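# Coordinate inspection notes
The primary structure of each chain is shown beneath.
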Amino acid sequence: MLYKDYVKWSRWPTTWCGGCAIGIIFKQVTFSLERMNLPREKLTVVSGIGCSGRAAGYFNVDSVHVTHGRALPVAEGIKRGKPQLNVLIFSGDGDLVGIGGNHLIHTARRNVDLTVICVNNQTYGMTGGQMAPTTGKGIKTLTSPHGNRYSPINIQGLITANESYFYARSSAYHINHLQKAIREAFAWPGFAFIEVVAYCIENFGRRMGYRYGYEMLLKIKEIYKINHSPQGLLKDNELGILKK
């Protein structure tokens, strides 16, 4: 199958803003599915609410767009009812780590055989750019006009605290690494979580002085480096794949 076969073209163009990182990540998922030659009838996509959550409607497979923060329990129900399916969760940091944070903790603890792609753009982009649990310290947002006083949530720490885990951090710029992480996550016999460093230009980046999404993409390139053989946990500026 070709990557185009996994896309529901009748619903394009998407509602994502020009320069948004979500489109880049969506395309890398379809490229990865092509390389794995995964039959469409063996794949289900689940998304929550938010800009990233709209992705469920753009995949040409059976998909479910659920209420805010509930992507993981719905996906777990599908997997337990139809264990032969590959269940992919494609959603954002606000949905998966913010509103759905409690579900994330316990789905990971139960090591349910799911693949999660978390588009982490550090904000609630769809609703105007409010501060999220992933927003960096000192960052100004709609609801933190003087700068965020809190450290962002440690997603890596949440996932790797479990007895068995698959955690990867990649980015919208490092697309070859992202595809590798996606393929390995699908092959992992348990809960696999990929945090994808992304950006929102319209409701987040412009407040920080960026003019275009491309400038934010280059900033990701500048900050993040791939650690191909991590020893222990990843540093804050490292991308890599951790398995136990």
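The structure this text deals with has already been given above.
Residues numbered from 1 in each chain as written. Predicted model: local features only at pLDDT ≥ 70, side-chain atom pairs only at ≥ 80, totals over all residues. Heavy atoms only, no water.

## A few points about the pattern of salt bridges
Taken as a whole and judged by the stated rule, the model has nine salt bridges. E76 is the salt-bridge partner of R110, the closest N and O atoms lying 2.9 Å from each other. Separated by 34 residues along the polypeptide, R110 in the loop between α4 (101-109) and β4 (115-120) and E76 in helix α2 (residues 71-81) bring together distant segments of the chain. Several salt bridges share partner residues, and in doing so they unite E76, R80 and R110 into one network. (Salt bridge = Lys/Arg side-chain N within 4 Å of Asp/Glu carboxyl O. Helix = DSSP H or I, 4+ residues; strand = E, 2+ residues; numbered from the N terminus.)

## Some details on the pairing of β4
Among the six residues of β4, six are classified as buried, and the element is accordingly described as predominantly covered. Of the two faces of β4, the one carrying T115, I117 and V119 and the one carrying V116, C118 and N120 are both buried. Here β4 pairs with strand β8 (residues 192-197) via six bridges, running parallel. Bridging across to β8, V116 finds its partner in F193. (Buried < 20%, exposed > 50% of the residue type's maximum accessible area, 1.4 Å probe, protein only. Pairing = 2+ DSSP bridges.)

## Regarding the sheet that holds strand β9 (residues 225-226)
With mixed pairing, the eight strands of this open sheet are ordered in space as β2-β1-β3-β4-β8-β7-β10-β9. This sheet does not close on itself; its edge strands, each paired only once, are β2 (62-65) and β9. Sheet topology note: the strand β7 (residues 166-171)/strand β10 (residues 238-243) ladder contains four bridges and is antiparallel. By the bridge assignment for β10, F166 is matched with K243.

## Describing the state of the cysteines
All chains considered together, the criterion is met by zero disulfides. This cysteine, C118, is not joined by any disulfide, and C51 carries the nearest cysteine sulfur, 13 Å off. Judged by relative accessible area, C118 falls into the buried class, the value being 0%. Left without a disulfide partner, C200 is nearest to the cysteine sulfur of C51, which lies 6.2 Å away. (Disulfide = S-S within 2.5 Å.)

## Overview of the packing of aromatic side chains
According to the stated counting rule, one finds ten aromatic pairs in the structure shown. Aromatic pair W12 and F26: ring centres 5.9 Å apart, planes at 55°, arrangement tilted. One end of the pair, W12, is in the segment before α1 (21-36); the other, F26, is in helix α1, and 14 residues separate them in sequence. Residue class for W12 comes out partly exposed when judged on its relative accessible area of 33%. With a centroid separation of 4.5 Å and 45° between ring planes, the pair formed by F26 and F59 is classed as tilted. With F26 in helix α1 and F59 in the loop between β1 (43-47) and β2, this pair connects stretches of sequence that are 33 residues apart. For the residue pair F26 and F59, the accessibility class agrees, reading buried in each case. These aromatic residues form a ring-pair network of at least three members: W9, W12, W16, F26, Y58, F59 and F90. (Phe/Tyr/Trp six-rings, centres within 6.5 Å; stacked < 30°, edge-to-face > 60°.)

## Brief notes about the side chain of T135
Residue placement: T135 occurs in the loop between β6 (130-131) and α5 (155-160). Judged by its relative accessible area of 0%, T135 falls in the buried class. At 2.8 Å, the side chain of T135 and the backbone nitrogen of A132 are in polar contact. When sequence neighbours within four positions are dropped, the list of residues in contact with T135 reads Q122, T123, T141, N148, Y150 and P152. (Polar contact = N/O pair within 3.5 Å; in protein donor to acceptor, adjacent residues only side chain to side chain. Contact = heavy atoms within 4.5 Å.)

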